[in-house]
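# A structural walkthrough
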Amino acid sequence: MDVKIKNLSLTYGDFTAVKNLSLEIDNGESLVLLGKSGCGKTSTMRCVAGLEDPSGGSITIGDTAVVDADRSVNLSPNKRNVGLVFQSYAVWPHMTVLENVSFPLRMKKAPKSQIRAKALETLELVGLAHVAHKGASMLSGGQMQRVALARSLAMEPAVMLLDEPLSNLDARLREDLRVELRRLQVELGLTSIYVTHDQGEALALADRIAIMQDGRISQLATPEETYRRPASASIAEFLGVSNIFKVQPASPLDMRVRLAEHDLEVALDTADAMLTGDDSICIRPEHVRVASGPAPAGPNTWNGTVLVSVFQGAYARCTVQVDNGPAIDVHADVRDLAEFHQGDRVHVRLDPHHVRLLPQHAPVHDETVPVPVPQGV
Amino acid sequence: MTELVASPGARKSHRAKGGPRLRPARVVPSIVVLAVLAVLILVPAALVALASVSSDVPRPGNVTGDLTWGNFGVLAETGTRQAMTNSLVISVVATILACAIGAGLAFLAARTDIHVPKFVYLVGLMPMFLPSYVGALAWSLLGSPNSGLLNILQRDLGLDLPLNTYSIPGMIFVFAIYYAPYTFLLMHGSMSMMGPDLEEAARVHGASTRRMLFRVSFPLAMPALIGAAILTFVLIFENFPVAQVLGSPGGIDTLPTLIFRLLNATPSRGTESAAISVVLVAVVILVTWLQKRFLAKRSFTTITGKGVRQKKVALGRARLPIFLLVIGFFLVSLVLPVLALVVVSGQTSPYMTSLSELFAPGGLEFGSYADVVASDTFRSVTGNSVIVSVVAAASGTAIAFISAYIVYRSKSVGRTVIEGVSMVPLAIPAVVLGMGLLWTWLVMPVPLYGTLAVLVVAFLAVQTSQGFRGIAASILATDRDLEDSAVMLGASRIRAITAVTVPLMKAGLLSTFVLLLMLSMRELTVPLYLYTSDTKILSIAIYDAFENGGALRQAAAMSVIYVVIMFVLSYLPRVRSGR
Ligand SMILES: Nc1ncnc2c1ncn2[C@@H]1O[C@H](COP(=O)(O)OP(=O)(O)OP(=O)(O)O)[C@@H](O)[C@H]1O
Ligand SMILES: [Mg+2]
């Protein structure tokens, strides 16, 4: 079912963890809340689940208002039919796997025979039927994660909330389970909100990604859009864009900007950036070309020296110190690797349309002003 | 679809500040629990405070007398000042001894190559399981000036050492023995957790073992020792039973015995008792506050908490003599007292002049046990004890669970108040709280006084803090997501608690229950105020039997049975957790 969050606020004592947040999730959609540790992702999710009482705003699931601070509506968590998979698994160690998964069905007072059949069927779905009768404390981390998932799936929730469900697993398992989660979500048509601080996970699992910063949502877009057009320098930085340089204030119509800390001009190919006076250019390392020899003429072509070059498998990661300019991260094709060593003179080239001019922070979404949709350059 | 939802007409009257409104679920349980705790603890405490500034003690229909400061005049009396001096001298000296013994045994068991360290560990711990006043009673059988078994033995051997447990040194000795385990436990924990790196650093820099110990290890353990010392001081300072058993025959008063004696004097001087109580409580609060400060500082001891393997200190040639000293302590603290109780329970001639009489035919005969077990009195007091203790322990565990749940798991109003009130009994000595409870249940318009129920209520009051602490530790160790996930899966909060939280806390609940059961079984002070002839319990019956002389054999036999019960009880949780 679809979920509508309106003007949600949550305070812990004096501290406001969620600030006037609004968000809509369509039926069957997978929305990923992506953000740094402490930005309020779990808090938002716990409000939807009903484990925290928001100090303002409302949440509607399907046609039911589950909480509305202004109207004193507050449905208790067990009546919301919301599934929540905890980061800590929260699988009950004093029960068997089957008992864990049967629990929500027992709470729904389903007939005994149905409970068993349905629980086993759900375990089958997550590939755990063979451990149904094991004690839950005997399972591996990945298995526990699946039990937690199966337990929530068994209740056929209106919305499924997953709070960093894979963060306690090792990298390999994480990638396998990521794919499996996406398959289940699509197959079952689950409406889900997925919390993570791992951008890879977000890109793989999301229909839309909501980037959360400091209790607010600062960008809401498809994974592709998010990746290509981060709305601000701080989002770009969070998404792993390593070349971010402050620029001097410039007129929006200029097609060139000057770096704040270096005597270097950079050409852009768009002029519609929203300049705030605190702007940066952001360049993904894979968009920078590096070649040996002196720079040919052309926009954004600079001479420099290789500071370090590291083999990373699919590519080589170099840092090039541009003469009179910043050190730039470059992902070079591995075939070129042999050519670059520390201290080599090279030149780097950068297509102006890969340079994004971004404000430091996405504009704050104010309570009374309708929110402009933050757009990339 | 990729739009952030605009917020049309977001109201200005937004409840961003001020937090969520109060729901009944956040208020009702708190109020109920606070009301229960208030009746159990605050009312008795308030009545004592009230009586101290009142011309008359609380009576049914007349709770307050006229306001007066005159009761505090009792503090200037010689008797009171003597009792204060006695209390201080006994507590300070006994604390120093107890800490020396406890810390020494802890060091030996944890850090040296002493013989059978497990045995040394038990020696350090075991005196705790003998209720201190039973130890005192047993030592009065051993060391009373005339008929004490040890003094009879002296006469047999032609010795004449001054041995008298009915004296201040005698009391200090008994206190030191039975309060050493507290220091032992705290220090053993601290010494076996101490990270070896600091010590090794000292060794690397060329310090000898001895210098390392004195320069590094002991200073590191110092905060724990100070904490233990203050705890021990408070426990001894407020102890009533031992002082009563050993002090009253020789006319030695401490503050607790004085409070009890004044209240029971004819005519009763209850308001003056209350005045002294206020002073006693003030001292305890002051000292407890000091303890808090020291324990708070304890974090600098770099306790790593990893089960690190430490170097054992070699005792060298002192190894055997030191081990013999440990055995000596074991004899004095446990073997001799229990033996004395056994001997007296089988001793046929009430007036013995030589121990050889015991070995004459018919000199020792254990028919007394059959008599005791068969007697109606024993059956009824044991029955009472079991009923009162089980009910008090079970309801105490339940109250502690509910309070700790509200404090640590809910957002209810008044959480900190509940926690605070639960800790109040720590600051009120049993001898004071007992007096307050007596007045409370005489005054209350509920006919509880004179029933077993009043004893249950009293035990609940006295043991609130211990129960709360036990459950709090366990609740904090249980991940709350486990319960929340049950709620998310459709269970009501109550159902989630019973289906998930309680089963997961089973071990903690059980050990708290057993702890409260033990405390109830050994509690003497509070029931002494509240029992009637129909509601005697085992601890009272034993105390009574010794006080009134008379059937000493039966009294001793009863004590032996009691001691056996106490050891079994304290062993139970170990058996369970061992698995
Ligand atoms: N019970 C609480 N009381 C007070 N402050 C809290 C509480 N829970 C969370 N916070 C604060 O609210 C903020 C948001 O917390 P939240 O758990 O939502 O972050 P998060 O985005 O989920 O972070 P993470 O990725 O680390 O899980 C944090 O600054 C945190 O310190
Ligand atoms: Mg979180």
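The rules behind the values
- Residues numbered from 1 in each chain as written.
- Chains lettered and ligands numbered in written order.
- Predicted model: local features only at pLDDT ≥ 70, side-chain atom pairs only at ≥ 80, totals over all residues.
- Heavy atoms only, no water.
- Helix = DSSP H or I, 4+ residues; strand = E, 2+ residues; numbered from the N terminus.
- Buried < 20%, exposed > 50% of the residue type's maximum accessible area, 1.4 Å probe, protein only.
- Contact = heavy atoms within 4.5 Å.
- Lys, Arg positive; Asp, Glu negative; His and termini not counted.
- Charge placed at Lys NZ, Arg CZ, Asp CG, Glu CD.
- Salt bridge = Lys/Arg side-chain N within 4 Å of Asp/Glu carboxyl O.
- UniProt positions renumbered as here; feature names shortened; annotations may be inferred.
- Axes fitted to C-alpha atoms, helices over the stretch in contact; angles between N-to-C directions.
- Parallel < 35°, antiparallel > 145°, perpendicular 65-115°, else oblique.
- Left-handed = near helix turned anticlockwise from the far one by under 90°.
- Nonpolar A, V, L, I, M, F, W, Y, C, P; charged D, E, K, R; others polar.
- pLDDT = per-residue confidence, 0-100.
- Disulfide = S-S within 2.5 Å.
- Near = heavy atom within 4 Å.
- Polar contact = N/O pair within 3.5 Å; in protein donor to acceptor, adjacent residues only side chain to side chain.
- Areas by Shrake-Rupley, 256 points an atom, 1.4 Å probe, with all protein chains shown as cover.
- Pairing = 2+ DSSP bridges.
- Expected span 1.5 Å × (residues − 1).
- Patch = residues over 30% accessible without salt bridge, like charges linked within 9 Å, V, L, I, M, F, W, Y side chains within 5 Å.
- Domains from an automatic or database assignment.
- Buried area = accessible area lost by both parts, 1.4 Å probe.

### Section: the overall build of chain A
When its secondary structure is counted, chain A shows eight helices and 21 strands. Each principal axis of the C-alpha distribution contributes one length, and for chain A these read about 80 × 50 × 35 Å. A buried classification covers 52% of the 377 residues belonging to chain A. Here the contacts in chain A between residues at least 6 apart in sequence split such that 66% fall between residues at least 24 apart. Averaging the positions of the 37 positive and the 46 negative side-chain charges in chain A gives two centres separated by 7 Å.

### Things to note about the pattern of salt bridges
Residues and elements named next belong to chain A. Tallied over the entire structure, the rule returns 25 salt bridges over all chains. Between Arg345 and Asp323 there is a salt bridge, with the nearest N and O atoms lying 2.7 Å from each other. A residue pair is termed long-range when its members are at least 10 positions apart, and Arg345 in strand β20 (residues 345-350) and Asp323 in the loop between β18 (315-322) and β19 (327-333) qualify at 22 residues. Judged by its relative accessible area of 31%, Asp323 is partly exposed.

### A closer look at the UniProt feature "domain: ABC transporter" (unreviewed entry) in chain A
Summarizing the sequence annotation, UniProt attributes the feature "domain: ABC transporter" (unreviewed entry) to residues 3-239 of chain A in the numbering used throughout. For residues 3-239 of chain A, the helix share is 36%, the strand share is 28%, and the end-to-end C-alpha distance is 26 Å.

### Some words on the packing of helix α1 (residues 24-52) of chain B against helix α15 (residues 376-409) of chain B
All names here are of chain B. The geometry of α1 relative to α15 is characterised by a closest axis approach of 10 Å and an angle of 130° between their N-to-C directions. Relative to α15, the element α1 is oriented oblique. Remark: the crossing between α1 and α15 carries left-handed chirality. The residues of α15 that touch α1, namely those facing Pro29, Ser30, Val33, Val36, Leu37 and Leu40, are Ile399, Ile402, Ser403 and Ile406. Of the residues that constitute the contact of α1 with α15, the class distribution is eight nonpolar, two polar and no charged.

### Some thoughts on the confidence of the model for chain B
Per-residue pLDDT for chain B has a mean of 84; in total, 89% of the residues score no lower than 70. With pLDDT under 50 throughout, residues 298-308 of chain B is counted as low confidence; its partners more than four residues away or in other chains account for 17 contacts.

### Topic: the state of the cysteines
Residue and element names in this part refer to chain A. Following the criterion strictly, the structure yields zero disulfides over all chains and no others. Cys47 supplies the cysteine sulfur nearest to Cys39, a cysteine that is in no disulfide, at a spacing of 13 Å. Overall, the relative accessible area of 0% leaves Cys47 in the buried class.

### A look at the site of ligand 1
Residues and elements named next belong to chain A. Tyr12, Phe15, Ala17, Lys36, Ser37, Gly38, Cys39, Gly40, Lys41, Thr42, Ser43 and Glu164 make up every residue found near ligand 1. A distance of 2.7 Å separates an oxygen atom of ligand 1 from a polar atom in the backbone of Gly38. Protein contacts shield 60% of the accessible area of ligand 1, which totals 630 Å² for the unbound molecule. Contributions of two or more residues to the shell around ligand 1 are made by β2 (15-25) and α1 (41-49). Among the elements that make up the shell around ligand 1, the one with the highest residue count is α1 (three residues). For the shell around ligand 1, a count of residues per class yields four nonpolar, five polar and three charged.

### Section: the side chain of B:Thr271
Here B:Thr271 lies in helix α11 (residues 270-297). Here B:Thr271 is in contact with B:Ala51, B:Ser52, B:Ser54, B:Ser55, B:Asp56, B:Val57 and B:Asn71, once residues within four sequence places are set aside.

### Digging into the sheet that holds strand β8 (residues 159-163) of chain A
Residue and element names in this part refer to chain A. Here we have six strands laid out as an open sheet, ordered β7-β8-β9-β3-β10-β11, and mixed in their pairing. Of all the strands in the sheet, just β7 (82-85) and β11 (216-221) have a single pairing partner and so form its edges. The sheet shows a mean angle of 20° between the axes of neighbouring strands, taken without regard to direction. In this sheet, strand β9 (residues 192-196) lies alongside β8 in parallel orientation, the contact comprising four bridges. The residue bridging Asp163 from the neighbouring strand is Val195, located in β9.

### Considerations on helix α19 (residues 464-476) of chain B
Residues and elements named next belong to chain B. Across its 13 residues, α19 extends 18 Å between first and last C-alpha, which sits within 8% of the 18 Å expected from 1.5 Å per residue. Of all the residues in α19, the buried ones are Thr464, Ser465, Gly467, Phe468, Ile471, Ala472, Ser474 and Ile475. The inward-facing, buried residues of α19 abut α1, α15, α16 (415-427), α18 (452-462) and α22 (506-522).

### Side note on a nonpolar patch on the surface
All names here are of chain B. On the surface, a nonpolar cluster with roughly 380 Å² of combined accessible area is contributed by Val89, Val92, Val93, Ile96 and Leu97. You can see Val93 is positioned in helix α2 (residues 78-111). We classify Val93 as partly exposed; its relative accessible area is 34%.

### A closer look at the sheet that holds strand β16 (residues 288-292) of chain A
Residues and elements named next belong to chain A. Reading across the sheet, the five strands line up as β16-β20-β17-β18-β19 and stay open at both edges, with antiparallel pairing between neighbours. Each having just a single partner strand, β16 and β19 make up the two edges of the open sheet. Geometrically, the sheet is characterised by an average inter-axis angle of 45° between neighbouring strands, direction not taken into account. Examined bridge by bridge, strand β17 (residues 301-311) and β18 share seven bridges and lie antiparallel to one another. Of the residues in β18, the one forming a bridge with Val306 is Val320.

### Side note on the domain arrangement of chain A
All names here are of chain A. Domain boundaries assigned for chain A yield domain 1 (3-228) and domain 2 (233-359). For domain 1 versus domain 2, the separation of C-alpha centres amounts to 39 Å. The interface is formed by twelve residues belonging to domain 1 together with eight residues belonging to domain 2. Taking both sides of the interface into account, the surface hidden between domain 1 and domain 2 amounts to around 830 Å²; carbon and sulfur atoms contribute 56%. Interface area lost by domain 1 to domain 2 is led by Gln199, Gln213 and Tyr227, which between them contribute 49%. Where domain 1 packs against domain 2, one counts five residue pairs in polar contact (both at pLDDT 80 or more). Broken down by secondary-structure element, the contributors of at least two residues to the side of domain 1 that touches domain 2 are β3 (30-35), β10 (208-213), β11 and α7 (223-228). Of all the elements, α7 adds the most residues to the side of domain 1 that touches domain 2, at three residues. Taken together, the residues of the side of domain 1 that touches domain 2 sort by class into three nonpolar, seven polar and two charged.

### Quick look at helix α4 (residues 141-154) of chain A
For α4(A), which comprises 14 residues, the first-to-last C-alpha distance of 20 Å matches the rise-based estimate of 20 Å (1.5 Å per residue) to within 8%. Of all 14 residues in α4(A), twelve are buried, a share of seventy percent or more. Along α4(A), the residues classified as buried are A:Gly142, A:Gln143, A:Met144, A:Gln145, A:Val147, A:Ala148, A:Leu149, A:Ala150, A:Arg151, A:Ser152, A:Leu153 and A:Ala154. At its buried positions, α4(A) is contacted by β7, α2 (97-107), α3 (112-125), β8 and α5 (171-188) of chain A together with α20 (480-488) of chain B. Looking one or two residues beyond α4(A), the residue adopting positive phi is A:Glu156, at roughly 50°.

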